[in-house]
Amino acid sequence: HTVISEPTRHQARVLAALRGVDAIVITSGEALQHLLRITPESSRASLRKKQLVAPSVRVVEQALAAGFQNALAVEQMSDAGILLTLETLAAKMKPQ
């Protein structure tokens, strides 16, 4: 019987999620730091290439300082504001 530690369990979820996402919504600087902590070192370069959607310019600045290449703040921090930002990004990513 194999016991999987909690950090390893989180890392497995992060790796699975990274394979299938184009954008990541982060809700705070603390959440950003936690995401980086639980992402295996070998996958952080891939993580940093994902589009990051943040709640504020401050969190965008933290993401850029952490090496993210594509980070933007939502215009309005609400469910509707996040959804609008994701819809706009999806339209831009869509092949013409």
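Look above for the structure.
Calculation notes
- Residues numbered from 1 in each chain as written.
- Predicted model: local features only at pLDDT ≥ 70, side-chain atom pairs only at ≥ 80, totals over all residues.
- Heavy atoms only, no water.
- Helix = DSSP H or I, 4+ residues; strand = E, 2+ residues; numbered from the N terminus.
- Areas by Shrake-Rupley, 256 points an atom, 1.4 Å probe, with all protein chains shown as cover.
- Lys, Arg positive; Asp, Glu negative; His and termini not counted.
- Charge placed at Lys NZ, Arg CZ, Asp CG, Glu CD.
- Core = buried A, V, L, I, M, F, W, Y, C linked by side-chain atoms within 4.5 Å.
- Buried < 20%, exposed > 50% of the residue type's maximum accessible area, 1.4 Å probe, protein only.
- Salt bridge = Lys/Arg side-chain N within 4 Å of Asp/Glu carboxyl O.
- 1 Å grid on protein atoms, 1.4 Å probe; cavity = no way out; pocket = protein on both sides within 12 Å on 5 of 7 lines; lining within 4 Å.
- Points joined across faces, edges and corners; volume = space filled by probe spheres on them.
- Nonpolar A, V, L, I, M, F, W, Y, C, P; charged D, E, K, R; others polar.
- Polar contact = N/O pair within 3.5 Å; in protein donor to acceptor, adjacent residues only side chain to side chain.
- Contact = heavy atoms within 4.5 Å.
- Arc of directions from axis to C-beta.

### As for the overall build of the chain
And step 1. For the chain, the count of helices and strands is five helices and three strands.
And step 2. Each helix and strand of the chain, placed in order from N terminus to C terminus, yields the pattern α-β-α-α-β-α-β-α.
And step 3. For the chain, the accessible area works out to roughly 6400 Å², and carbon and sulfur atoms hold 55% of it.
And step 4. Separation between the mean location of the 11 positive side-chain charges and that of the 8 negative ones in the chain comes to 8 Å.

### Some thoughts on the nonpolar core
And step 1. Ranked by internal contacts, the top residues of the largest apolar core, which has 17 residues, are Ile-26, Leu-32, Leu-47, Leu-52 and Phe-68.
And step 2. Per element, the largest residue contribution to this core is four residues, and it comes from helix α2 (residues 29–38).

### Looking at the pattern of salt bridges
And step 1. Per the stated rule, a full pass over the model turns up one salt bridge.
And step 2. Note that Glu-41 and Arg-44 form a salt bridge whose closest N and O atoms lie 2.6 Å from each other.
And step 3. Accessibility expressed as a relative area gives 58% for Glu-41, which makes it exposed.

### Section: the layout of surface pockets
And step 1. In this structure, the largest pocket encloses a volume near 180 Å³.
And step 2. Lining the largest pocket are Leu-72, Ala-73, Glu-75, Gln-76, Gly-81, Leu-84, Thr-85, Thr-88, Leu-89 and Lys-92.
And step 3. Looking at the lining of the largest pocket, the elements that each hand over two or more residues are β3 (70–73) and α5 (79–93).
And step 4. Here the lining of the largest pocket gets six residues from one element, more than from any other, and that element is α5.
And step 5. Each residue belonging to the lining of the largest pocket can be placed in one class, and the counts come to four nonpolar, four polar and two charged.

### Re the side chain of Arg-44
And step 1. Mapping Arg-44 onto the fold places it in helix α3 (residues 44–49).
And step 2. A distance of 3.0 Å separates the side chain of Arg-44 from the backbone oxygen of Leu-36, its partner in a polar contact.
And step 3. For Arg-44, the residues in contact, after removing those within four places along its chain, are Leu-36, Arg-37 and Thr-39.

### As for helix α4 (residues 57–65)
And step 1. Along α4, the residues classified as buried are Val-59, Val-60 and Ala-63. The buried residues of α4 occupy one face: seen down the axis, they fall within an arc of 105°. The outward face of α4, more than 90 degrees from its buried face, is lined by the exposed residues Val-57, Glu-61 and Ala-65.
And step 2. Tucked into the core, α4 has its buried residues touching α2, β2 (51–54) and β3.
And step 3. Just past α4, the residue Gly-67 takes up positive phi, approximately 105°.

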